[in-house]
Amino acid sequence: AIKYILMGSVATAFELCGFSYLYGFAGHLTFPEITSALQTNQASPLIWISVLFIISGIGFKMTLFPFHLWAPDVYEGAPTPVTAILSVTSKSIAIAFLTVLVFGPLNAIHKEIVPFLALLAGITLLAGNLGALSQSKLRRFMAFSSISQAGYILIALLGNSPEGKYAIIYYLFLYTFSNYLAFFIFSTISKNQSETFISLNGLSEKSKFLAIALLIALMSLAGIPPLAGFFGKLQIFTAAAENKHYFLILFAVLNNVLALYYYIQVLKSAWIDKPAKEIILSVSAKQKAIILILTLSVLLLGFLPFLSNNLSI
């Protein structure tokens, strides 16, 4: 809690400093006035200091490298429902805010900030995936997984086209449903035991329903067709390819191989490994209904990839 308060306060201070430099540059904080100032003066150092500070502040909420190390500790220390909210809701708001800034008032310098965003995306992907490989606790594992997911979403900001915006919206939907589903299953399983990979052992024998739901959630996050995660990553890579970011796309695909490995490790615990001791797993009708709704949502998004074409920012 102390780590989150201290680091969050510093990140907020960076963001507010960025806003103050932005006000010093444009004389206003309204989008039209900032856009107008950028069209006439892009060489001012104030705007670049402002962008650096603002992205640093938003990067903390998005768990971008190097602002990501709070996530594993905070995710592990908080109750599972709070962890799910931190993982999904606050991150989604931060992503939406950055998207509005990049495609809105900062659109005039989009080409200039793309290399910086590409570097952040690549390092965040690598840091998240390498961190997840060595985890044995479920919430720390999901923390590093969410870090890598932020890297994928950042790739969509590299293309200055409507497809990039649609890809972000679509990916946020599938990421939200998939993550909430995984966290809800973990909280259901760990009522009488610790949240580790071992707690998943024998899940397929104790509850086929939970094991199948977990399979769908993790395979969607891994980007396996025909689930929603595959179409989300495909749209993100397509948006980046329009601006010829082929090297970053290849790097992201290779990182996805790493991600598939550690997601399979979790599923191995649930479907193959045997439990060390017999644990009675009870799932209420209400819990089953919530899990079923989230599972169907992930499946529905996978079979309706055109959803993003009907949404706009």
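Model, not experiment: these values are computed from the prediction.

Here we take up the overall build of the chain. Across its full length, the chain holds 13 helices and 0 strands. Taken from N to C terminus, the helices and strands of the chain fall in the order α-α-α-α-α-α-α-α-α-α-α-α-α. Over its C-alpha trace the chain gives a radius of gyration of 20 Å, about what one expects of a compact globule, namely 20 Å for 313 residues. The buried share of the chain, taken over its 313 residues, is 53%. Sequence-distant contacts in the chain: of pairs separated by 6 or more residues, those separated by 24 or more amount to 80%. Summed over all atoms, the accessible surface of the chain reaches about 13,600 Å², with 71% contributed by carbon and sulfur.

What follows covers the packing of aromatic side chains. Evaluation of the coordinates by the stated rule reveals 13 aromatic pairs. On the numbers, 5.3 Å between centres and 85 degrees between planes, the contact of Phe-14 with Phe-53 is edge-to-face. Residue Phe-14 is found in helix H1 (residues 2-26), and its partner Phe-53 is found in helix H3 (residues 45-62); the two are separated by 39 residues along the sequence. With a relative accessible area of 35%, Phe-14 lands in the partly exposed category. Of the aromatic side chains, those joined through ring pairs into one cluster are Tyr-4, Phe-60, Trp-70 and Tyr-75. Directly above the aromatic system of Tyr-152 lies the positively charged group of Lys-233, at a separation of 4.6 Å from the ring centroid.

This next bit is on the environment of Leu-133. Within the element layout of this structure, Leu-133 appears in helix H6 (residues 110-133). What makes Leu-133 partly exposed here is its relative accessible area of 33%. In this structure, the C-alpha to C-alpha distance between Leu-133 and Ala-13, residues 120 residues apart in sequence, is 33 Å.

Position of Gly-57 among the secondary structure elements: in helix H3. Separated by 85 residues in the primary sequence, Gly-57 and Met-142 have C-alpha atoms spaced 22 Å apart.

The next subject is the packing of helix H10 (residues 208-222) against helix H12 (residues 246-271). Contact geometry for H10 and H12: axes closest at 9 Å, N-to-C directions at 175 degrees. Between H10 and H12, the angle falls in the class roughly antiparallel. Contact with H10, carried on its side by Lys-208, Ala-211, Ile-212, Leu-214, Leu-215, Leu-218, Met-219, Leu-221 and Ala-222, involves Asn-256, Leu-260, Tyr-263, Val-266, Leu-267, Ala-270 and Trp-271 of H12 and no other residues of that element. The residue inventory of the contact of H10 with H12, partitioned by class, reads 14 nonpolar, 1 polar and 1 charged.

Moving on: unusual backbone geometry. Cis geometry is found at the peptide bond from Phe-65 to Pro-66, where omega equals 5 degrees. Its location among the elements puts Pro-66 in the loop between H3 and helix H4 (70-77). Despite not being glycine, Thr-63 shows a phi value in the positive range, around 60 degrees.

Spanning 18 residues, helix H7 (residues 138-155) covers 26 Å between terminal C-alpha atoms, matching the ideal 26 Å at 1.5 Å per step. Of all 18 residues that make up H7, 18 are buried, and the element is covered over most of its length.

Right, let's get into the side chain of His-68. Here His-68 is to be found in the loop between H3 and H4. Relative accessible area serves as the criterion here: at 5%, His-68 is assigned to the buried category. In contact with His-68, other than residues within four places in its own chain, are Thr-63, Ala-127 and Ile-147.

This part covers the confidence of the model for the chain. Taken as a whole, the chain shows an average pLDDT of 83; of its residues, 95% reach a score of 70 or greater. Averaged pLDDT values over the elements of the chain bottom out at 81 in helix H9 (residues 203-206) and peak at 89 in H10.

About the criteria used
Per chain, residue numbering runs from 1 following the sequence as it is written. A pLDDT threshold of at least 70 governs which residues receive local features in this predicted model, and a stricter bar of 80 or more applies before side-chain atom pairs are shown or counted, although totals over entire chains, interfaces and linings include all residues. Heavy atoms from the whole structure form the basis of all side-chain values; hydrogens and water molecules are not counted. We count a stretch as a helix when DSSP gives it H or I for four or more residues in a row; a strand needs E for two or more, and each element gets its number in order from the N terminus. For a compact globule the rule gives 2.2 Å times the number of residues to the power 0.38, and the radius of gyration it is set against comes from C-alpha atoms. The classification of residues rests on relative accessible area computed with a 1.4 Å probe and restricted to protein chains. Under 20% of the type maximum is buried, over 50% is exposed, and intermediate values are partly exposed. Working rule for contacts: check all heavy atoms of both residues, and any pair within 4.5 Å makes them a contact. Throughout, the Shrake-Rupley method with a 1.4 Å probe supplies accessible areas, and for residues the shown protein chains are the sole cover considered. Two rings belonging to Phe, Tyr or Trp (six-membered ring only in the last case) form a pair when the distance between their centres is within 6.5 Å. Interplanar angles under 30 degrees mark stacking, angles over 60 mark edge-to-face geometry, and anything in between is tilted. To sit over a ring, a charge needs its Lys NZ or Arg CZ within 6 Å of the ring centre and within 35 degrees of the ring normal. A fitted line through C-alpha atoms serves as each axis, taken over the contacting stretch for helices, and the angle formed by two N-to-C directions is quoted from 0 to 180°. For classification purposes, an angle smaller than 35 degrees is called roughly parallel, one larger than 145 roughly antiparallel, one from 65 to 115 roughly perpendicular, and anything else oblique. Polarity classes work like this: nonpolar for Ala, Val, Leu, Ile, Met, Phe, Trp, Tyr, Cys and Pro, charged for Asp, Glu, Lys and Arg, and polar for all others, with Gly in that last group. How far a helix is expected to stretch is found by multiplying one less than its residue total by 1.5 Å. As a per-residue measure, pLDDT reflects the predictor's confidence and takes values from 0 up to 100.

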